[in-house]
Amino acid sequence: MYDLRWIRDNPEAFDAGLAARGMAPLAKDILARDEKARANRTQLQEIQNRRNALSKQIGAAKSKGEDAESLIAEVGQLKGALQAGEEVERELSGALRETLSELPNQPEPDVPVGQDEETNVEVRRHGEPPVFDFEPKQHFEIGEALGLMDFEAASKVSGARFVVLRGALARIERALAAFMLDIHTLEFDYTEISPPLLVREHTAFGTGNLPKFEEDLFKTTADFYLLPTAEMVLTNLVRDEVLAEAELPLRFTAHTPCFRSEAGAAGRDTRGMLRQHQFYKVEMVSISHPDQSGEELDRMTNCAETILQRLGIPYRAMLLSSGDMGFSA
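The paragraphs below set out a description of the structure included in this document. Please read these numbers as outputs of a predicted model, since none were measured by experiment.

One pass over the structure, following the stated rule, counts 5 aromatic pairs. Feature note: the residues Y2, W6 and F14 constitute an aromatic cluster, connected by ring pairs. The aromatic ring of F224 is capped on one face by R200, whose charged end is 3.8 Å from the ring centroid.

In structure tokens form, the structure reads like this:
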């Protein structure tokens with residue numbers, strides 16, 4: 001979530017970042033609401049100071065046997081004013097916090113400005129996709145034909161957007177995860193983490209999944225959220241901590257099931273194993289000094305590319321445009 005002090009110091013840059021995201025300028029409105037909230041807090045402090053001073057006067061008057069009724073009456077009036085002001089404070093601060101928490105992060109200067117994936121920029125490519133002299137089949141057609149991918153069985157126990165993997169395909173999934181974890185931990189110095197799969201609201205809020213993507217999360221009756229990605233836990237491992245610069249970077253990796261409701265995804269790439277409610281993923285997270293974040297991102301990208309290269313999978317590395325990048329990116 002944005003730091004109001006940064007917006008006060010950089011209103012033009014703030015609005016420029018929102019414009020790159022296709023949003024209207026908000027700095028003027030946010031700063032006006034912030035000023036109103038700060039003025040209310042100042043007034044509350046003045047009321048509290050007056051109340052404290054009166055309390056001392058009342059004590060002094062009573063110790064001398066003097067009448068303090070007028071002072072006591074004023075304290076009662078101030079108490080009501082204080083309660084009213086505190087309610088205003090909760091409303092102003094809560095509304096401002098809600099607005100800020102629903103805004104996407106600012107794009108880096110090198111991010112191309114655009115509305116969608118059409119304005120993404122290819123940075124590099126490795127290998128070329130194979131060319132076949134026949135019409136290739138979809139992954140689910142191959143999986144079902146081999147009896148290794150069973151959507152019907154999954155539907156019987158869980159409904160749509162689930163799959164049962166059998167035999168060799170289940171083993172491949174497990175082997176790929178182990179392959180990736182071994183490379184990340186043994187060659188690239190990542191620490192493997194086995195995280196909880198249930199998290200509290202503040203954890204989801206800390207990675208930008210709440211409040212923006214509430215409908216995309218699965219919530220239990222005990223007010224836990226199922227992990228949509230291990231990134232949520234790995235990032236929050238350092239929540240509310242001040243780290244010594246010498247400790248950085250911290251590099252974490254984890255293999256977990258991920259759970260997503262895929263709200264609003266009907267009819268969009270939903271065939272086969274795409275946009276499932278449950279899937280498995282190996283995640284990487286680095287906690288670095290801001291001055292080294294670009295360098296660390298390049299290192300992480302290389303770690304991911306190494307996996308594809310060793311599997312012999314052609315790929316393109318893309319710089320996503322402002323309209324195609326994620327909310328928290």
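It is at 9 Å that the axes of helix α2 (residues 11-20) and helix α3 (residues 27-63) come closest, and there the two elements cross at 130°. One finds that α2 runs oblique with respect to α3. The segment α2 lies against α3, with P11, F14 and D15 engaging A27, I30 and L31. Grouping the constituent residues of the contact of α2 with α3 by class yields 5 nonpolar, no polar and 1 charged.

A few words now on the environment of D240. With respect to the helices and strands, D240 occurs in the loop between α9 (231-236) and β7 (250-259). Side-chain polar atoms of D240 contact the side chain of R239, separated by 3.0 Å.

Reading across from one edge, β4-β7-β8 is the order of the 3 strands in this open sheet, with mixed pairing throughout. Every other strand in the sheet has two partners, leaving β4 (191-192) and β8 (278-287) as the edge strands with one partner each. Two elements, β7 and β8, share 10 bridges in a ladder whose sense is antiparallel. Bridging across to β8, L250 finds its partner in I287. The sheet contacts of helix α10 (residues 293-310) involve β7 and β8, and relative to β8 the element is tilted by about 145°.

Side chains of I172, L176, L311 and I313 sit close together on the surface and give an oily, nonpolar patch of about 310 Å² of accessible area. By the secondary structure assignment, L176 is in helix α7 (residues 167-186).

Conventions adopted
- Along each chain, the written sequence defines residue order, and numbers are assigned to residues from 1.
- Only residues with pLDDT of at least 70 get local features here, since the model is predicted, and only at 80 or more are side-chain atom pairs given and counted; chain-wide, interface and lining totals rely on the full set of residues.
- Side-chain metrics in this entry use all non-hydrogen atoms of the structure; hydrogen atoms and water are not considered.
- Paired rings are identified among Phe, Tyr and Trp, the last through its six-membered ring, by centres lying within 6.5 Å, and are further divided according to the angle between planes into stacked (under 30 degrees), edge-to-face (over 60) and tilted (the rest).
- Think of it as a cone above the ring: NZ of Lys or CZ of Arg counts as a charge over the ring if it is within 6 Å of the ring centre and within 35 degrees of the ring normal.
- Only the contacting stretch of a helix is used when fitting its axis, a line to C-alpha atoms as for every element, and angles between N-to-C directions run 0 to 180 degrees.
- Put simply, DSSP H or I for four residues or longer makes a helix, DSSP E for two residues or longer makes a strand, and each gets a number counted from the N terminus.
- Every angle not falling under 35 degrees, over 145, or within 65 to 115 is termed oblique; those three ranges are roughly parallel, roughly antiparallel and roughly perpendicular.
- Contacts: residue pairs with any heavy atoms within 4.5 Å of one another.
- The classification used treats Ala, Val, Leu, Ile, Met, Phe, Trp, Tyr, Cys and Pro as nonpolar, Asp, Glu, Lys and Arg as charged, and all other residues, Gly among them, as polar.
- N or O atoms within 3.5 Å of each other form a polar contact, as long as, within protein, one can give a hydrogen and the other can take it, and as long as residues adjacent in sequence are counted only when both atoms are side-chain atoms.
- DSSP-based pairing: two strands are paired if at least 2 bridges between them are found.
- Think of a patch as exposed residues, more than 30% relative accessible area, with no salt bridge, where like charges cluster within 9 Å and nonpolar side chains (Val, Leu, Ile, Met, Phe, Trp, Tyr) cluster within 5 Å.
- In these tables, accessible area is a Shrake-Rupley quantity obtained with a 1.4 Å probe, and a residue counts as shielded only by the protein chains included in the view.
- Salt bridge, as used here, is a side-chain nitrogen of Lys or Arg placed within 4 Å of a carboxyl oxygen of Asp or Glu.

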